[in-house]
Structures are given as C-alpha cells and as structure tokens.
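# Commentary on secondary and tertiary structure
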Amino acid sequence: MKPLQISPETALKLSQMLKVPLEHLMHMPQHILLQKLAELSKQQDREPGNAAAAAPKPDVPPQ
C-alpha cells in the first residue's frame, strides 16, 4: 500500500481535524479515510451552531 497522494498542507489539516497522528494518516487506507471524513461531516451537521446545517438544502430534481 502506498501513502496517500495529498499535499503536505492537506495532510496536516486532515490530521488535525481527524485527531490522528500525521504518520497514521499518510498510511491510512483511502476507504478508511473517506469513512472517517463522512463521520466527521455527519457530526458537524448535527451540531446546533453549525451554519451549514441551518441553511436550507437546495432542491435537486430526481433523475
């Protein structure tokens, strides 16, 4: 498994957001990283002071 192909700045921000060591993040499988980002997004949406959660969602017509 090769390290994630992300910039150092992105890696540092993700490491801080996910509260994982930078070394662990760089060798984390991509599907695990995506799962953790989805969980973080859901958690932020549930926070009452979150402006994104309070904003109305745009209507998307069904396909």
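Refer to the structure printed above.
Below is a short write-up of the structure.

## Quick notes on the overall build of the protein chain
If you tally the helices and strands in the protein chain, you get 4 helices and 0 strands. Start at the N end of the protein chain and walk to the C end: the helices and strands fall as α-α-α-α. Across the protein chain, contacts joining residues at least 24 apart in sequence account for 18% of those joining residues at least 6 apart. Counting every atom, the protein chain has about 5,400 Å² of accessible surface; 59% of that belongs to carbon and sulfur.

## So, the environment of Met28
Looking at the secondary structure, you find Met28 in the loop between helix H2 (22-26) and helix H3 (30-46). We classify Met28 as buried; its relative accessible area is 9%. Taking the C-alpha atoms as reference points, Met28 and Pro3, separated by 25 residues in sequence, lie 7.6 Å from one another. The contact partners of Met28, leaving out residues within four places of it in the chain, are Leu4, Val20, Leu33 and Lys36.

## Describing the side chain of Ser15
If you trace the backbone, Ser15 turns up in helix H1 (residues 8-18). Overall, the relative accessible area of 9% leaves Ser15 in the buried class. At a separation of 2.5 Å, a polar atom in the side chain of Ser15 contacts the main-chain carbonyl oxygen of Val20. Not counting chain neighbours up to four residues away, the residues in contact with Ser15 comprise Val20, Pro21, Leu22 and Leu25.

Conventions used here
- Residues numbered from 1 in each chain as written.
- Predicted model: local features only at pLDDT ≥ 70, side-chain atom pairs only at ≥ 80, totals over all residues.
- Heavy atoms only, no water.
- Helix = DSSP H or I, 4+ residues; strand = E, 2+ residues; numbered from the N terminus.
- Contact = heavy atoms within 4.5 Å.
- Areas by Shrake-Rupley, 256 points an atom, 1.4 Å probe, with all protein chains shown as cover.
- Buried < 20%, exposed > 50% of the residue type's maximum accessible area, 1.4 Å probe, protein only.
- Polar contact = N/O pair within 3.5 Å; in protein donor to acceptor, adjacent residues only side chain to side chain.

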